[in-house]
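Here's the letter readout for the chains.
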Amino acid sequence: MASERELSDFLKSVEKRAFKRSVYHVRNDESALDIVQDAMMKLAEHYGHKPVEELPMLFQRILSNCTLDWFRRQKTQKALFSTMSDFESAGDDDSFDLLETLNIASGGEQSESAETLTERAQTLREIEIEVQQLPARQREAFLMRYWEDMDVAETAAAMGCSQGSVKTHCSRAVHALGKALSAKGIRL
């Protein structure tokens, strides 16, 4: 069992390498620091009682998982909070997938005007309002699929329904959102 001193010494010994590794992955110093700190906290909270010999392997696994979690969060945030393509596909067929139609802006907010940023913030507010107005099951399916980035099978298991029901709920949610936003004059 690792003592507090041994755990502290271990964390000090891996701190710089973990930071470098994270920076290579995420290419952002602040995010890398957050990831390393999160990994260290999780190791101390959940595995601090483990033998010192097991800590390196556990820490590397936790650091990898924290990095993957960061990428998932970035992906979903960019997907839902950047300029979006139309909610409805051109052919209005049922094979529509919101994530496949997203057009993520590459320029970033630094190069955008205040007017563009304000318009985007207002549009996002309207989208959030409309998502809240969806029926509970449609909202649940929509958020799991497109916010949590779960696949159809995972969403079906979490909701306790069939995959077909998930597809139906998602399709109805997307069409309802598209219709409501179009009625408000929002063209995404």
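The rules we used
Residues numbered from 1 in each chain as written. Predicted model: local features only at pLDDT ≥ 70, side-chain atom pairs only at ≥ 80, totals over all residues. Heavy atoms only, no water. Helix = DSSP H or I, 4+ residues; strand = E, 2+ residues; numbered from the N terminus. Buried < 20%, exposed > 50% of the residue type's maximum accessible area, 1.4 Å probe, protein only. Contact = heavy atoms within 4.5 Å. pLDDT = per-residue confidence, 0-100. Phe/Tyr/Trp six-rings, centres within 6.5 Å; stacked < 30°, edge-to-face > 60°. Expected span 1.5 Å × (residues − 1). Arc of directions from axis to C-beta. Axes fitted to C-alpha atoms, helices over the stretch in contact; angles between N-to-C directions. Parallel < 35°, antiparallel > 145°, perpendicular 65-115°, else oblique. Nonpolar A, V, L, I, M, F, W, Y, C, P; charged D, E, K, R; others polar. Salt bridge = Lys/Arg side-chain N within 4 Å of Asp/Glu carboxyl O. Left-handed = near helix turned anticlockwise from the far one by under 90°.

Can you tell me about the side chain of Ser22, naming the residues and giving the values?
Relative to the helices and strands, Ser22 resides in helix α1 (residues 4–26). When its relative accessible area of 1% is taken as the criterion, Ser22 is described as buried. Excluding its chain neighbours within four sequence positions, the residues that come into contact with Ser22 are Arg27, Ala32, Ile35, Val36, Leu63 and Thr67.

Let's hear about the confidence of the model for the protein chain: which residues, and what values?
As a note on interpretation, predicted positions should not be read in detail where pLDDT is low. Residues with a pLDDT of 70 or more make up 81% of the protein chain, whose mean pLDDT is 81. In the model of the protein chain, helix α4 (residues 98–101) stands out as the element of lowest mean pLDDT, 48, in contrast to helix α2 (residues 29–47), which has the highest, 94. Here residues 101–109 is a poorly scored stretch, pLDDT under 50, and it has 12 contacts once near neighbours within four places are set aside; other chains count.

Lay out the packing of aromatic side chains with the relevant residues and their values.
Counted by the stated rule, this structure contains three aromatic pairs. Their ring planes at 85° and their centres at 6.0 Å tell us that Phe10 and Phe59 sit as a pair that is edge-to-face. Here Phe10 is found in helix α1, whereas its partner Phe59 is found in helix α3 (residues 55–81), with 49 residues between them in sequence. The exposure class of Phe10 is buried, given its relative accessible area of 9%. Classification of Phe59 as buried rests on a relative accessible area of 0%.

Describe helix α5 (residues 114–133), listing the residues and the values that go with them.
The terminal C-alpha atoms of α5, which comprises 20 residues, lie 29 Å apart, in line with the 28 Å expected from a rise of 1.5 Å per residue. Among all positions in α5, only Arg120, Thr123, Leu124, Ile127, Glu130 and Val131 are buried. Mapping the buried residues of α5 onto a view down its axis gives an arc of 125°, with all of them on the same face. Of the exposed residues in α5, those oriented more than 90 degrees away from the buried face are Ala114, Glu115, Gln132 and Gln133.

Run through the environment of Ile129, naming residues and quoting values.
Mapped onto the secondary structure, Ile129 falls in helix α5. Between the C-alpha atoms of Ile129 and Leu177, which are 48 residues apart in sequence, the distance is 10.0 Å.

Hey, could you go over the packing of helix α6 (residues 136–147) against helix α8 (residues 163–183) for me, with residue numbers and the actual values?
Between α6 and α8, the shortest axis-to-axis distance is 8 Å and the interhelical angle comes to 95°. With respect to α8, the element α6 is oriented roughly perpendicular. Of the residues in α8, those in contact with Arg137, Gln138, Ala141, Phe142, Arg145 and Tyr146 of α6 are Val166, His169, Cys170, Arg172, Ala173, Val174 and Leu177. Per-class residue counts for the contact of α6 with α8 are eight nonpolar, two polar and three charged.

Can you break down the pattern of salt bridges residue by residue, with the values?
Here the idea is simple: oppositely charged side chains can pair when their charged atoms come close. A full pass over the atoms with the stated rule returns six salt bridges. In this structure, Asp9 and Arg5 form a salt bridge, with 3.7 Å as the shortest nitrogen-oxygen distance. Of this pair, Asp9 and Arg5 both sit in helix α1, separated by four residues, roughly a single helical turn. According to the relative accessible area criterion, Asp9 is partly exposed, its value standing at 34%. Residue classification places Arg5 among the exposed positions, given a relative accessible area of 57%.

Give a detailed account of the packing of α5 against α8, specifying residues and quantitative values.
Across the interface, α5 lies against α8 with an axial gap of 10 Å and an inter-helix angle of 135°. Classified by the angle their axes make, α5 and α8 are oblique. As α5 packs across α8, the resulting crossing turns out to be right-handed. Facing α5, whose interface residues are Glu126, Ile127, Glu130 and Val131, α8 presents Leu177, Ala180 and Leu181.

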